Amino acid sequence: MAILFIMPSIAAVGIFVYGFISWTGYVSLTNWNTLVKDLSFAGLKNYIFLFNDYRFQSDLRNTLFFTLFFIFGTLGLGFLLAVLIDQNIRQESLFRNIFMFPMALSFVVTGVVWQWLLNPSTGVNLILAKLGMENLPRWYTDTSIAFSFPLGNIEFGIPVAIIAVVIAAVWQMTGFSLAMYLAGLRAIPDELKEAARVDGATEFQIYRKIIFPMLLPITISITIIMAHISLKIFDLIYAMTGPGANFVTDVPGVYMFETTFRGNFYANGAAIAMIMLIFVAIFIVPYLIANRKGD
Amino acid sequence: MKFKHLAILSALLLLMGIFMAACGSETETDAGEADTENEAEAPASEAPAEGKKPLEIFSWWTGAGEEAGLLALIELFEEKHPDVEVINAAVAGGAGTNAQAVLASRMQGDDPPGTFQIHGGAALNTGWAAAGKMEPLNDLYEEQGWYDKFPEDLIELVTSDGDIYSVPVNIHRSNVLWYNVAIFEEHGLTPPTTFDEFFAVAEALQEAGVTPLALGDREPWTASHLLESVMLGKLGAEKYNQLWTGELKFDSLEFTDVMETFSQMLDYVNDDHAARNWQDASQMVANGDAAMNVMGDWAAGYFATDLNLEPNKDFGWVAPPGTEGMFMVVTDTFGLPKGVEDPEVVKDFLRVLGSVEGQDVFNPLKGSIPARVDADVSKYNEYGQQTIEEFKKSTLTPSLAHNSAAPAGFVQQFNQAVNIFVSSRNVDQFIQTVQAAQDEHINQ
């Protein structure tokens, strides 16, 4: 009986998700790189092109550092805020709402707002200049790469401009990890902490031996969710900076959109989409398998 | 409790039923729509009234002046053809990016709009015309006597293998150097016409603490836009055009000279160019934050309409260095896709679009000049009138940054290379990349 009810959605997912993934995978192996449809088989040509491409190599570097900063930023800030709010402060719901509110916005809105705020000549730099600061940060227009060394065609290192984008992304998503952590902290029985205190544990030890281990599953969940957001991010960057000067804020999602719909490189675009899918799968699949074992 | 479960279950069932019904009806319309019914997609309010023939016009004109121009044109058409109901299928989005994505999926799904906006030149010829998706319009040109009404160079732009594929409605000039009149007067300078003069003026302005050249290359095409003017100025019209036939190589000495000049010009642009778009850059000139800006003449519409500035008083214009007597063309054209339901209706629209009346109702509002040589000059403002005169006596060349000179694939790779060049200033690397793109996309 139950199987009958889920059949339609299985069919829909089968066609509109797996069917289209297969189609994209097929297109990525063809020569279809103009408006004229050309489905002749090209092997891995498009993938080889991408991995030798300056722009795509920059994208991979940017995605790596964006993902790292984004995950650590949301985890760290979310945890800190959750601990502070958990101290039974007055007006707790007000603070919760303040920090959760950015999540109600779309990444496009966040992108536009932070594009103004971090504009090197108009935004927060005006305040910094008023405060007498010199050598103002250039935010997302900074083309320098910190700790760089040459790798392939590109300079590998931390793109300074990506930090501006991470600030906006963390601002948007911290509310989520705050809510998760707050729920996690509330779920830890007070008796445990009390017992530890009676045994003479310091606050630091309580965090290290009780709270952190009990929050580990939540941390993993947040990491998985943030990782897949950051690996396929498009809207925030497209609205905020676009590819950026010298592609310092470019990511595969933006490249995929531009190469497919501006350059008509359909096969290249499909190849980028497949690579993005593989990256997300690398994060998600082990998690799913672990979950299944847990059941 | 039991009841609650039952209620949820029946609600789910209902939802599923709706979903399946929706799926079912969708596939039905899909099948029916493939050959005929374009109107099935349009919102109910825009569907044609009983007995009227539909005509869908697809464009990316949703901004202030351009939308007004399009609506005026549609009104004129409906007056002449009361039996046709126009469906205005405009898709918003900068420089038509979104519209092109929608158009591509519809053309490839054999569901073309009645007619659609496309830039004359490579976008048309190496795009839909090469893909065999357009009907030739030679007989329409013959019938309307358009062969002597449009300039020869312009007809050349919409011709591919001897067949004409679209009708131009307007002309934009892409090579214009805009300047702030007050700044030039204050420092006793004259607008530059050669590269030597340009660098002398720029140096003087820099010393006086004024940003000489405004650039906003948040979208990389604007840097390509500046570079194409430098290319035209340094190479001249003939050699510039040879780049698009493969007769002139990018790894030639002449082109190296172009890139060195371009690199030198970049020394005089505003620091925050990567955070600005073209309007921001134009606004810098309008506000007096910068002295000059190279941009197409849609900037004239922006100055006059949006910022309420007066031509020749607040803002002035000259051809960028070395391009006097040359006219880089961006032309919007409309064609007839293969497989439309009623080609005669589309042709009726193209007849209006190509008439003097049609062009004069559209262009003064859009801020462009008419494609026809016999349009009514008195309807245009000071900038428009001067441009109409110059258009008649100039050598026309296609714009690269606006997809008229080379296939979209080349333009995309060129834009990427320019984006890298603006920060790296590596001439060799740039030339190598662009030469590879020329070999791949232009040389047969």
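Residues numbered from 1 in each chain as written. Chains lettered and ligands numbered in written order. Predicted model: local features only at pLDDT ≥ 70, side-chain atom pairs only at ≥ 80, totals over all residues. Heavy atoms only, no water.

## Quick word on the overall build of chain A
For step 1, the next point in the chain: Regarding its fold elements, chain A presents 12 helices and two strands.
For step 2, the next point in the chain: Counting from the amino terminus, chain A carries its helices and strands in the arrangement α-α-α-α-α-α-β-β-α-α-α-α-α-α.
For step 3, the next point in the chain: Evaluated residue by residue, chain A yields a buried proportion of 46% over its 295 residues.
For step 4, the next point in the chain: Total accessible area on chain A stands at roughly 15,200 Å², and carbon and sulfur atoms take up 71% of it. (Helix = DSSP H or I, 4+ residues; strand = E, 2+ residues; numbered from the N terminus. Buried < 20%, exposed > 50% of the residue type's maximum accessible area, 1.4 Å probe, protein only. Areas by Shrake-Rupley, 256 points an atom, 1.4 Å probe, with all protein chains shown as cover.)

## Concerning the overall build of chain B
For step 1, the next point in the chain: When its secondary structure is counted, chain B shows 17 helices and 15 strands.
For step 2, the next point in the chain: Evaluated residue by residue, chain B yields a buried proportion of 56% over its 444 residues.
For step 3, the next point in the chain: Counted over contacts in chain B with a minimum sequence separation of 6, partners at least 24 positions apart contribute 76%. (Contact = heavy atoms within 4.5 Å.)

## Comments concerning the interface of chain A and chain B
When the parts come together, some accessible area is lost, and that loss is often what is quoted as the size of the interface.
For step 1, the next point in the chain: Chain A puts 38 residues into the contact, and the matching count from chain B is 31 residues.
For step 2, the next point in the chain: In total, about 2,800 Å² of surface goes out of reach between chain A and chain B, with carbon and sulfur atoms giving 60% of it.
For step 3, the next point in the chain: Ranking the residues of chain A by area buried against chain B places Phe5(A), Leu35(A) and Arg262(A) at the top, with a combined share of 22%.
For step 4, the next point in the chain: Remark: the boundary between chain A and chain B carries zero salt bridges.
For step 5, the next point in the chain: Summed over the shared surface of chain A and chain B, the number is nine residue pairs in polar contact (both at pLDDT 80 or more).
For step 6, the next point in the chain: Class assignment of the residues belonging to the side of chain A that touches chain B gives a composition of 21 nonpolar, 12 polar and five charged. (Buried area = accessible area lost by both parts, 1.4 Å probe. Salt bridge = Lys/Arg side-chain N within 4 Å of Asp/Glu carboxyl O. Polar contact = N/O pair within 3.5 Å; in protein donor to acceptor, adjacent residues only side chain to side chain. Nonpolar A, V, L, I, M, F, W, Y, C, P; charged D, E, K, R; others polar.)

## Structural notes on the pattern of salt bridges
All names here are of chain A.
For step 1, the next point in the chain: Counted under the stated rule, the structure contains 27 salt bridges over all chains.
For step 2, the next point in the chain: The partner of Asp250 in a salt bridge is Arg55, with the nearest N and O atoms 2.7 Å apart. Here the residue Asp250 occupies a position in the loop between helix H10 (235-240) and helix H11 (252-261), and Arg55 occupies one in helix H3 (residues 54-85), the gap between them amounting to 195 residues.
For step 3, the next point in the chain: Owing to a relative accessible area of 1%, Arg55 belongs among the buried residues under this scheme.
For step 4, the next point in the chain: Close ionic contact of Glu203 with Arg197 constitutes a salt bridge, the shortest N to O distance being 2.7 Å.
For step 5, the next point in the chain: Glu203 sits in the partly exposed class, given a relative accessible area of 42%.
For step 6, the next point in the chain: Arg197 sits in the partly exposed class, given a relative accessible area of 35%.
For step 7, the next point in the chain: Each of Arg55, Asp250, Glu258 and Arg262 takes part in a single network of salt bridges with overlapping partners.

## Comments concerning the sheet that holds strand S12 (residues 326-330) of chain B
For step 1, the next point in the chain: Pairing is mixed across the open sheet formed by four strands, whose spatial order is S14-S7-S12-S15 (chain B). Looking at which strands have only one partner, the edges of the open sheet turn out to be strand S14 (369-370) and strand S15 (395-398) of chain B. (Pairing = 2+ DSSP bridges.)

## Quick word on the sheet that holds strand S11 (residues 315-318) of chain B
Strand pairing in a sheet relies on backbone hydrogen bonds. The paired strands run either parallel or antiparallel.
All names here are of chain B.
For step 1, the next point in the chain: Pairing in this open sheet of four strands is mixed, and the strands run S9-S10-S8-S11 from one edge to the other. Two strands in the sheet have a free side with no partner beyond their single neighbour: strand S9 (211-214) and S11. For this sheet, the mean angle separating the axes of adjacent strands, direction not counted, is 25 degrees.
For step 2, the next point in the chain: Strand direction decides the pairing type here: S9 and strand S10 (residues 290-294), joined by three bridges, are parallel. Residue pairing in the sheet places Leu213 in a bridge with Met292 of S10. (Axes fitted to C-alpha atoms, helices over the stretch in contact; angles between N-to-C directions.)

## Here's the deal with the packing of helix H11 (residues 278-287) of chain B against helix H12 (residues 298-306) of chain B
Packed helices, taken two at a time, are described by the angle between their axes plus the distance between the axes.
Residue and element names in this part refer to chain B.
For step 1, the next point in the chain: Interaxial distance between H11 and H12 falls to 11 Å at its minimum, and their mutual angle equals 55 degrees. Taken together, the axis directions place H11 and H12 in an arrangement best described as oblique. For H11 against H12, the interelement crossing comes out right-handed. In this structure, H11 uses Trp278, Gln279, Ser282, Gln283 and Ala286 to contact H12, whose residues at the interface are Trp298, Ala299, Tyr302 and Phe303.
For step 2, the next point in the chain: Residue composition of the contact of H11 with H12, grouped by class: six nonpolar, three polar and no charged. (Parallel < 35°, antiparallel > 145°, perpendicular 65-115°, else oblique. Left-handed = near helix turned anticlockwise from the far one by under 90°.)

## Quick word on the side chain of Asp53(A)
For step 1, the next point in the chain: Tracing the chain through its elements places Asp53(A) in the loop between helix H2 (45-51) and H3.
For step 2, the next point in the chain: One buried charged side chain, Asp53(A), makes no salt bridge at all; its nearest oppositely charged neighbour is Arg55(A), positioned 6.4 Å away.
For step 3, the next point in the chain: A polar atom in the side chain of Asp53(A) sits 2.5 Å from the side chain of Tyr255(A).
For step 4, the next point in the chain: In this structure, Asp53(A) is in contact with Asn153(A), Tyr255(A) and Gln416(B), ignoring residues within four places of it in sequence. (Lys, Arg positive; Asp, Glu negative; His and termini not counted.)

## Let's talk about H12(B)
For step 1, the next point in the chain: Taken together, the buried positions of H12(B) are Trp298(B), Ala299(B), Ala300(B), Tyr302(B) and Phe303(B).
For step 2, the next point in the chain: A positive backbone phi angle near 55 degrees is found at Asn308(B), which sits one or two residues after H12(B).

## Describing the domain arrangement of chain B
All names here are of chain B.
For step 1, the next point in the chain: Along its sequence, chain B is carved into domain 1 (11-172 + 332-380) and domain 2 (173-328 + 403-441).
For step 2, the next point in the chain: Listed by partner, the interface residues are 10 residues for domain 1 and 11 residues for domain 2.
For step 3, the next point in the chain: Carbon and sulfur atoms supply 55% of the area that domain 1 and domain 2 bury against each other, a total of about 770 Å² over both sides.
For step 4, the next point in the chain: The largest share of the area that domain 1 buries against domain 2 comes from Ala122, Thr126 and His172, three residues that together contribute 51% of it.
For step 5, the next point in the chain: Where domain 1 touches domain 2, the interface holds zero salt bridges.
For step 6, the next point in the chain: Our count for the domain 1 to domain 2 interface comes out at four residue pairs in polar contact (both at pLDDT 80 or more).
For step 7, the next point in the chain: Those elements that place two or more of their residues in the side of domain 1 that touches domain 2 are helix H4 (122-129) and strand S7 (170-173).
For step 8, the next point in the chain: No other element matches the three residues that H4 contributes to the side of domain 1 that touches domain 2. (Domains from an automatic or database assignment.)

## Some details on the pairing of strand S13 (residues 332-335) of chain B
Residues and elements named next belong to chain B.
For step 1, the next point in the chain: Residues Asp332 and Phe334 line one face of S13 and the alternating positions Thr333 and Gly335 line the opposite face, and both faces are buried.
For step 2, the next point in the chain: Here strand S3 (residues 115-119) runs beside S13; their pairing, made up of three bridges, is antiparallel. Within S13, the residue paired with His119 across the bridge is Asp332.
For step 3, the next point in the chain: Sheet analysis places strand S6 (residues 166-168) next to S13, joined by three bridges and oriented antiparallel. Residue pairing for S13: Ser166 is matched across the bridge by Gly335.

## What to know about the packing of aromatic side chains
Residues and elements named next belong to chain B.
For step 1, the next point in the chain: Per the stated rule, a full pass over the model turns up 49 aromatic pairs over all chains.
For step 2, the next point in the chain: Consider the rings of Trp178 and Phe303, whose centres lie 5.7 Å apart with planes at 70 degrees: the pair is edge-to-face. Of this pair, Trp178 sits in strand S8 (residues 177-180) while Phe303 sits in helix H12, and the two are 125 residues apart along the sequence. An identical accessibility class is assigned to Trp178 and Phe303; each is buried.
For step 3, the next point in the chain: A cation over a ring is seen here: Lys234 above Phe195, with NZ or CZ 5.1 Å from the ring centre. (Phe/Tyr/Trp six-rings, centres within 6.5 Å; stacked < 30°, edge-to-face > 60°. Lys NZ or Arg CZ within 6 Å of the ring centre and 35° of its normal.)

## Description of unusual backbone geometry
Glycine aside, residues mostly have negative phi angles, and peptide bonds mostly take the trans form.
All names here are of chain B.
For step 1, the next point in the chain: Phi angles above zero are rare outside glycine, and Asp110 is one such case at about 55 degrees.
For step 2, the next point in the chain: The phi dihedral of Asn403 is positive, around 65 degrees, even though this residue is not glycine.
For step 3, the next point in the chain: Mapped onto the fold, Asn403 is located in the loop between S15 and helix H16 (408-424).
For step 4, the next point in the chain: Judged by its relative accessible area of 18%, Asn403 falls in the buried class.

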